[in-house]
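The lines below spell out each chain.
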Amino acid sequence: MQTYELLTHERFMRRALDLARQGWGTTHPNPMVGAVIVEQGEIVAEGFHSKAGEPHAEIMALHHLGRLPRAGAVLYVTLEPCSTEGRTGACTSAIIAAGLGHVVAGATDPNPVHAGHGFEVLRAAGLQVTTGVLSEDCSDLNLIFNHWIVDQKPLIAAKAAVTLDGKIATRTNDSQWITGELARADVHRWRRLFPSIAVGAGTVMSDNPSLTSRTEEGVWCPVRFVFDGLLRTVVDKSLPKVYTDEFKDRTIVVTTPHGGLGYVRKLQAMGVQVWNFDSPTVRAPIPEFRQRCAEAGITGVYIEGGAQMISELIQSRQLDYLFVYRAPILLGDDKARTVFKGLRTEKLINAVQLEGVRHTSFGPDQLMRGRMAYPQKLQVDETTFSMG
């Protein structure tokens, strides 16, 4: 592919990506997809997938065109067109029927059963197919969907805001705010993407968070998980916001029989849901939690703390993805609070790493995010933690 042609493809694919993001957080369990139709170097129609069960991006673009594409028209789409009927019909059939002669795609379908088949169908019908244009950006757009469709489990991700030396609070527990407004606004953007947010009991008791997404579009509440194996958050008469606000029916307390049935009944009487898992300790078993989420159709969990909970997930290799916001602040205090702990990493080869890393700047702050890559030997320290 020549440089000019590649730049042209990338320009139109970036517009398709912008369109796809209009479905940010609303398409689960489907992916976000954007599409544009180009005739003689000009965009003549656009479309994106807005909600599961609604028409796909390619269908919407053809609909908005309102006529058959002209000779030489090109369809740009961020994800390989589907080739199975499903609820809305196969996009490959609609593309062929419309008479389009060239399809430019970003990411390949992550489902190993279908990967590449849509391209094969289009080529077999005589269409020119160009693949892999801005593929990394197109794939990253659907990190939750990709994990869900391949593993059939929710993506468990965690977020931390740290200083240059990896601290989340001073020795006196002063932590608001480590990062600036732009970085904190980005957190709310990710909250809007993930269908659920999770925190530990300690975070609820110390910070009393709302766990809602507050953006220019308004307030939106995902499913809110509180991991509380002993139901410590229910003991006091003054209950946290997540149990009493207008979204309390979207709060689920993840607990164990060690918490006591009386407190379970108290939560349920308030309209709060409870997931009670059998466990020999006060820690809820994460594999069983994942399975329960899968059964409920919850494709992703965004964990916002605390340090104990995130560290335990890493120790047990149960964390899939990590977001770390880093501020240009240096504490230099051994007694300041650290977010990641509990491992005994004696050699760099045994360190946990991130793959598919993405970097973004928010004023003076930086975000590094990526998939967790665990070493073959992950040595846990003698110290034990309790997620309850």
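For the structure itself, look to the data block above.
Residues numbered from 1 in each chain as written. Predicted model: local features only at pLDDT ≥ 70, side-chain atom pairs only at ≥ 80, totals over all residues. Heavy atoms only, no water.

Trainee: Whenever I open this one, the sheet that holds strand β4 (residues 102-107) confuses me. Can you help?
Mentor: Strand pairing in a sheet takes place through backbone hydrogen bonds and is either antiparallel or parallel in direction. Here five strands make up an open sheet; going across it, the order is β2-β1-β3-β4-β5 and the pairing mixed. A strand with exactly one partner marks an edge of an open sheet, and here the two such strands are β2 (42-48) and β5 (128-130). Averaged over all pairs of adjacent strands, the angle between strand axes in this sheet comes to 20 degrees, irrespective of strand direction. As paired strands, strand β1 (residues 34-39) and β2 are joined by six bridges and run antiparallel to one another. When the sheet's bridge partners are listed, Val38 is paired in β2 with Ile43. (Pairing = 2+ DSSP bridges. Helix = DSSP H or I, 4+ residues; strand = E, 2+ residues; numbered from the N terminus. Axes fitted to C-alpha atoms, helices over the stretch in contact; angles between N-to-C directions.)

Trainee: Would you take a moment to explain the environment of Leu330 for this structure?
Mentor: Position of Leu330 among the secondary structure elements: in the loop between β15 (321-326) and β16 (337-338). According to the relative accessible area criterion, Leu330 is exposed, its value standing at 63%. With 149 residues separating them along the chain, Leu330 and Glu181 place their C-alpha atoms 19 Å apart. Beyond its immediate stretch of four places on either side in the chain, Leu330 contacts Leu164 and Asp165. (Buried < 20%, exposed > 50% of the residue type's maximum accessible area, 1.4 Å probe, protein only. Contact = heavy atoms within 4.5 Å.)

Trainee: Would you mind going over the layout of surface pockets with me for this structure?
Mentor: Any space left empty among the atoms is revealed by the rolling of a water-sized probe across them. Here the largest pocket defines a volume of roughly 1000 Å³. If you trace the largest pocket, you find 44 residues lining it, with Lys159, Ser175, Thr203, Asp207 and Glu304 closest to the centre. Going through the elements one at a time, β6 (155-162), β7 (167-169), α7 (181-193), β8 (196-200), α8 (201-207) and α12 (307-315) are the ones with two or more residues in the lining of the largest pocket. Residue composition of the lining of the largest pocket, by class: 18 nonpolar, 17 polar and nine charged. (1 Å grid on protein atoms, 1.4 Å probe; cavity = no way out; pocket = protein on both sides within 12 Å on 5 of 7 lines; lining within 4 Å. Points joined across faces, edges and corners; volume = space filled by probe spheres on them. Nonpolar A, V, L, I, M, F, W, Y, C, P; charged D, E, K, R; others polar.)

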